[in-house]
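One-letter residues, chain by chain:
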Amino acid sequence: VQLVESGGGLVQPGGSLRLSCAASGFTFSSYYMSWYRQAPGKDRELVAGISSTGGYTSYGDSMKGRFTISRDNAKNTVYLQMNSLKPEDTAVYYCKAGRDWTNYWGQGTQVTVSS
């Protein structure tokens with residue numbers, strides 16, 4: 001099983017980034033996919049989640065209206081479009097695949113929002 005995040009980097013406040021998470025080794029289309037983030041000294045927090053078919057999405061309160069989660073089951077990939085980025089969005093972003101009692105995590109990608 002592998003979850004490989006990409007697309008992180010350094011961006012100025014107000015800018016945008018699109019994160020990708022490529023999955024392999026399990027039946028991607030059967031799993032609920034989520035993005036989490038963890039800033040230094042803080043707990044890991046939920047950013048967004050999307051159902052297996054993509055028909056349901058949810059977001060953390062501070063991300064609503066700025067972030068969009070989507071998935072392409074044909075490509076086994078989940079995306080996180082992040083707009084209007086703020087310095088407080090700086091964190092390592094992780095994707096997670098969940099189904100029943102099974103969870104898989106990626107290794108994370110760093111997002112730094114700074115001028």
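Residues numbered from 1 in each chain as written. Predicted model: local features only at pLDDT ≥ 70, side-chain atom pairs only at ≥ 80, totals over all residues. Heavy atoms only, no water.

With respect to topology, four strands assemble into an open sheet ordered S1-S3-S8-S7, the strand pairing being antiparallel. Here the strands that pair on one side only, and so sit at the sheet edges, are strand S1 (2-6) and strand S7 (67-72). The mean angle between the axes of side-by-side strands here comes to 15°, regardless of whether they run parallel or antiparallel. (Pairing = 2+ DSSP bridges. Helix = DSSP H or I, 4+ residues; strand = E, 2+ residues; numbered from the N terminus. Axes fitted to C-alpha atoms, helices over the stretch in contact; angles between N-to-C directions.)

Before going further, it helps to examine the state of the cysteines. A disulfide bridge is the covalent bond that connects two cysteines by way of their sulfur atoms. Considering all chains together, one arrives at one disulfide under this definition. Disulfide pairing is shown between Cys-21 and Cys-95; the S-S distance is 1.9 Å. Remark: Cys-95 occurs in strand S9 (residues 91-99) and Cys-21 occurs in strand S3 (residues 17-24); sequence separation between them is 74 residues. We note that Cys-21, like Cys-95, is buried. (Disulfide = S-S within 2.5 Å. Buried < 20%, exposed > 50% of the residue type's maximum accessible area, 1.4 Å probe, protein only.)

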